[in-house]
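# Reading the structure
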Amino acid sequence: MTQGKARVISTELLPNSEAEWKRLIKTTYIGPDGVTRTWEHAERTTRPKGTDFDGVSVIAILEKDTGREILLEKQYRPPIDQICIELPAGLIDKGETAEQAAVRELKEETGYVAQASTTSPIMFNDPGFCNTNLKLVEVSVDMSLPENQNLKPELEENEFIEVFTVKLADLWDECVKWEAQGYAVDARLGSFAKGIAIARKYGL
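You'll find the protein chain entered in an unreviewed UniProt entry as NUDIX hydrolase domain-like protein, with Sordaria brevicollis given as the organism. You can read under Sequence similarities (unreviewed entry) in the UniProt record for the protein chain the words "Belongs to the Nudix hydrolase family."

Below is the structure:
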């Protein structure tokens, strides 16, 4: 994927009254030392009532004749004005479990049909800045299924996603190459890749 025509053409301050997805908050709190302070942060407004997390990221490892490959995505992200390389991900819908959301998002964004296998605890993306959180869901993909031979993603009209795979063993090295090529690497993907590299280094 190339950035093509995608680019930021202007930026301006957004009043909370016009925001659809998030808002700025000033929180007053008492610190461990007993001193009252304030903290400014962002907050999602899309979390469904009755749930305590916002969305999911999906780890889908494909078993191929040439070895294990991980399913990834490229998409342009206006806040950073770059194409970002990411795990498949998305927000949960009302009444969904993390596992249901992961299977749905994977099908919509990549076309792959999968089953959820393991789910992480809730993890926070940037807790000093916002309350956004997620669960990391590992899924299994049966490559013999006809649906996984003839992929049919179901992208929304404002989604432009390129799906690709890389060898799991090469993931960290690929992250380093992508940055050198001008891509942004999502922190969840980068942390996962570095974790694999560290585990290999220490024989874990």
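On to the side chain of Glu69. With respect to the secondary-structure elements, Glu69 resides in strand S4 (residues 67–77). Given the relative accessible area of 10%, Glu69 is considered buried. Polar side-chain contacts of Glu69 include one of 2.5 Å to the side chain of Thr165. Sequence-distant contacts of Glu69, defined by excluding residues within four places in its chain, comprise Ala60, Ile61, Leu62, Lys64, Thr165, Val166, Lys167 and Leu168.

In this model helix H1 (residues 98–110) runs 18 Å from its N-terminal to its C-terminal C-alpha over 13 residues, within 8% of the 18 Å that 1.5 Å per residue would give. Within H1, burial applies to Ala98, Ala101, Ala102, Arg104, Glu105, Leu106, Glu109 and Thr110. Contacts from the buried residues of H1 go to strand S3 (55–64), S4, strand S6 (89–91), strand S7 (115–119), strand S9 (133–140) and strand S10 (162–167). Just downstream of H1, Gly111 is the residue with a positive phi angle, here 95°.

With 15 residues, helix H3 (residues 187–201) extends 20 Å from end C-alpha to end C-alpha; this agrees with the ideal 21 Å at 1.5 Å per step. Residues of H3 that are buried: Leu189, Gly190, Ala193 and Ala197. Down the axis, H3 shows its buried residues gathered within 100° of arc, on one side only. Residues of H3 that are exposed and point more than 90 degrees away from the buried face comprise Ala187 and Ser191.

On to the UniProt feature "domain: Nudix hydrolase" (unreviewed entry) in the protein chain. UniProt tags residues 51–188 as "domain: Nudix hydrolase" (unreviewed entry). Summarising residues 51–188: 18% helix, 38% strand, and an end-to-end C-alpha distance of 22 Å.

Side-chain pairing between opposite charges can occur once the charged atoms of the two side chains come close. All told, the structure shown has 14 salt bridges when counted by the stated rule. The partner of Glu43 in a salt bridge is Arg23, and the shortest N-O contact between them spans 2.6 Å. A residue pair is termed long-range when its members are at least 10 positions apart, and Glu43 in strand S2 (residues 36–44) and Arg23 in strand S1 (residues 22–30) qualify at 20 residues. Each of Asp93, Glu96, Arg104, Glu105 and Glu108 takes part in one network of salt bridges that share partners.

Attention shifts here to a nonpolar patch on the surface. Residues Ile198, Tyr202 and Leu204 make up a contiguous nonpolar surface patch of about 390 Å² in total accessible area. With respect to the element layout, Leu204 can be found in the segment after H3.

This structure, assessed with the given rule, holds 0 disulfides. Lacking any disulfide linkage, Cys130 is separated from the closest cysteine sulfur, that of Cys84, by 15 Å. In this structure Cys130 comes out as buried when scored by relative accessible area, which is 14%. The thiol of Cys175 is unpaired, and the distance to the nearest cysteine sulfur, on Cys84, comes to 10 Å.

Criteria and thresholds
- Residues numbered from 1 in each chain as written.
- Predicted model: local features only at pLDDT ≥ 70, side-chain atom pairs only at ≥ 80, totals over all residues.
- Heavy atoms only, no water.
- UniProt positions renumbered as here; feature names shortened; annotations may be inferred.
- Helix = DSSP H or I, 4+ residues; strand = E, 2+ residues; numbered from the N terminus.
- Buried < 20%, exposed > 50% of the residue type's maximum accessible area, 1.4 Å probe, protein only.
- Polar contact = N/O pair within 3.5 Å; in protein donor to acceptor, adjacent residues only side chain to side chain.
- Contact = heavy atoms within 4.5 Å.
- Expected span 1.5 Å × (residues − 1).
- Arc of directions from axis to C-beta.
- Salt bridge = Lys/Arg side-chain N within 4 Å of Asp/Glu carboxyl O.
- Patch = residues over 30% accessible without salt bridge, like charges linked within 9 Å, V, L, I, M, F, W, Y side chains within 5 Å.
- Areas by Shrake-Rupley, 256 points an atom, 1.4 Å probe, with all protein chains shown as cover.
- Disulfide = S-S within 2.5 Å.

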